[in-house]
Amino acid sequence: PRAQLWDLTQGTSHTLEHRAKVEAIAFSPKGELAATGGLDQTVRLWDPRTGKGRLLGEQLGEIYILTFSPDGRQLAAGNAQGQLRLWNLRTGRSELLGSQGGRINDAVFSRDGRFLATSSDDRTVLLWDLKTNHSRVLRGPKGAVHPVDFSPDGRWLAVGSYDTTVRVYGVTAE
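The rules behind the values
As a convention, each chain's residues are numbered from 1 in the sequence order in which they are written. With the structure being a predicted model, the display of local features is reserved for residues of pLDDT at least 70 and the display and counting of side-chain atom pairs for 80 or more, all residues being used for whole-chain, interface and lining totals. For side-chain calculations, the full set of non-hydrogen atoms in the structure is used, while hydrogens and water are omitted. Centres within 6.5 Å are what make two rings of Phe, Tyr or Trp a pair, Trp counting through its six-membered ring; a difference in plane orientation under 30 degrees is then read as stacked, over 60 as edge-to-face, and the rest as tilted. In this scheme, the term charge over a ring applies when either NZ of a lysine or CZ of an arginine sits within 6 Å of the ring centre and within 35 degrees of the ring normal. When DSSP finds two or more bridges between two strands, those strands count as paired. A run of H or I in DSSP becomes a helix once it reaches four residues, and a run of E becomes a strand once it reaches two; helices and strands are each numbered from the N terminus. To define axes, lines are fitted to C-alpha atoms, for helices over the stretch in contact only, and angles between the resulting N-to-C directions are given on a 0 to 180 degree scale. Nine residue types can take part in a nonpolar core, namely buried Ala, Val, Leu, Ile, Met, Phe, Trp, Tyr and Cys, and a core is a set of them joined through side-chain atoms within 4.5 Å. Exposure is judged per residue with a 1.4 Å probe applied to protein chains only, and the accessible area is read against the type maximum: over 50% gives exposed, under 20% gives buried, and values in between give partly exposed. Throughout, a residue-residue contact means that at least one pair of heavy atoms, one from each residue, lies within 4.5 Å. Salt-bridge detection follows one rule: a side-chain nitrogen of Lys or Arg within 4 Å of a carboxyl oxygen of Asp or Glu. Identification of polar contacts relies on pairs of N or O atoms within 3.5 Å, with a donor-acceptor requirement for protein atoms, meaning one able to donate a hydrogen and the other able to accept it, and with residues adjacent in sequence counted only if both atoms are side-chain atoms.

Q: Would you mind going over the packing of aromatic side chains with me for this structure?
A: Aromatic ring pairs are defined here through the distance separating the ring centres and the angle between the ring planes. One pass over the full model with this rule turns up zero aromatic pairs. Sitting over the ring of Y64, R103 keeps its end group 4.7 Å from the ring centre.

As structure tokens, then:
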């Protein structure tokens, strides 16, 4: 159970070891860090240049999605149990932001880093306002929700669902 990280210009690779299948990988915005998570219920941070890693958290549930904030200072992880955890990478501390009623399938930060949207098998999207620590539920899809993305100006959130629809929601601070 591992991920392989390749440097295509050098023709070299690093093995990123886990104790079980790796389900999620993300790069920080500037590429100086990679994060992996998976069925071993851990999240690990790696230096892509050296392949050296460290354990960021364990006993987190099966990790299915990882995403860095636009400034690279935070890392969000969503698990099979519907929990969303957010790390401050400067301090290494994390907090459980909350949970949804099913596996978290996708997570994306707004370009300014204020909002974090998560989609779930429970047919909802949670829109987290990281400035106020409040969230709101966006309902409508009749199937599991997977892709979510903010418009470049951050005013809109597009949501795709297995019910074959795409919905667009307005994003406002509460």
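Q: Sorry, what's going on with the sheet that holds strand β11 (residues 104–109) here?
A: Adjacent strands of a sheet pair through backbone hydrogen bonds, lying either parallel or antiparallel. Spatial strand order, β11-β12-β13-β14: four strands in an open sheet with antiparallel pairing. Only two strands of the sheet have a single neighbouring strand rather than two, namely β11 and β14 (134–138). The average undirected angle you get between the axes of adjacent strands in this sheet is 20°. With five bridges connecting them, β11 and strand β12 (residues 115–120) associate as antiparallel partners. Considered in β12, the bridge of I104 is made with S120.

Q: I'm lost on the nonpolar core in this one. Help?
A: In terms of nonpolar packing, the biggest core is built from 14 residues, with V43, L66, L75 and W87 touching the most fellow members. Of all the elements in the fold, those that place two or more residues in this core are β3 (22–27), β5 (43–46), β7 (63–68) and β8 (74–79). For this core, the leading source of residues is β7, giving three residues. L66 has contacts with A24, I25, A26, A35, T36, G37, V43, L75, A76 and A77, leaving out every residue within four places of it along the chain. Of all hydrophobic cores here, the second largest spans 13 residues; its members include V125, V148, F150 and L157.

Q: How do you make sense of the sheet that holds strand β16 (residues 156–161) when you look at a structure like this?
A: Read across the sheet, three strands follow the order β15-β16-β17 without closing on themselves; strand pairing throughout is antiparallel. Each end of this open sheet is capped by a strand with a single partner; those strands are β15 (145–150) and β17 (166–170). Mean inter-strand twist for the sheet, computed between neighbouring axes without regard to direction, equals 20°. Pairing of β15 with β16, which is carried by four bridges, proceeds in the antiparallel orientation.

Q: How should unusual backbone geometry be read in this particular structure?
A: The phi angle of most residues is negative, glycine excepted, and most peptide bonds adopt the trans form. Phi is positive for Q59, close to 55°, though the residue is something other than glycine. Inspection of the secondary structure puts Q59 in the loop between β6 (53–57) and β7. The exposed category is assigned to Q59, whose relative accessible area is 71%.

Q: Quick question: what am I supposed to make of the pattern of salt bridges here?
A: All told, the structure shown has seven salt bridges when counted by the stated rule. Its salt-bridge partner being E23, residue K21 comes within 3.2 Å of it at the nearest N-O pair. On the basis of relative accessibility, which here comes to 28%, the residue E23 falls in the partly exposed class. A salt bridge links D121 to R103, with the nearest nitrogen and oxygen atoms 3.9 Å apart. One end of the pair, D121, is in the loop between β12 and β13 (125–129); the other, R103, is in the loop between β10 (94–99) and β11, with 18 residues separating them in the sequence.

Q: Help me understand the environment of Y162, please; the structure alone is not making it clear to me.
A: By the secondary structure assignment, Y162 is in the loop between β16 and β17. Take Y162: its relative accessible area is 60%, and that puts it in the exposed class. As a C-alpha pair, Y162 and D121 span 41 residues in sequence and 9.5 Å in three-dimensional space. Residues contacting Y162, with those up to four places away along its chain left out, are G143, A144 and H146.

Q: In this structure, what is going on with the side chain of T118? I would like to understand it.
A: Relative to the elements of secondary structure, T118 occurs in strand β12. Polar contacts involving the side chain of T118 include one to the side chain of Q100, which spans 2.6 Å. A polar contact is formed between the side chain of T118 and the side chain of W128, at a distance of 3.2 Å. The residues contacting T118, other than those within four sequence positions of it, are L84, Q100, I104, D106, A107, T124, V125, L126 and W128.

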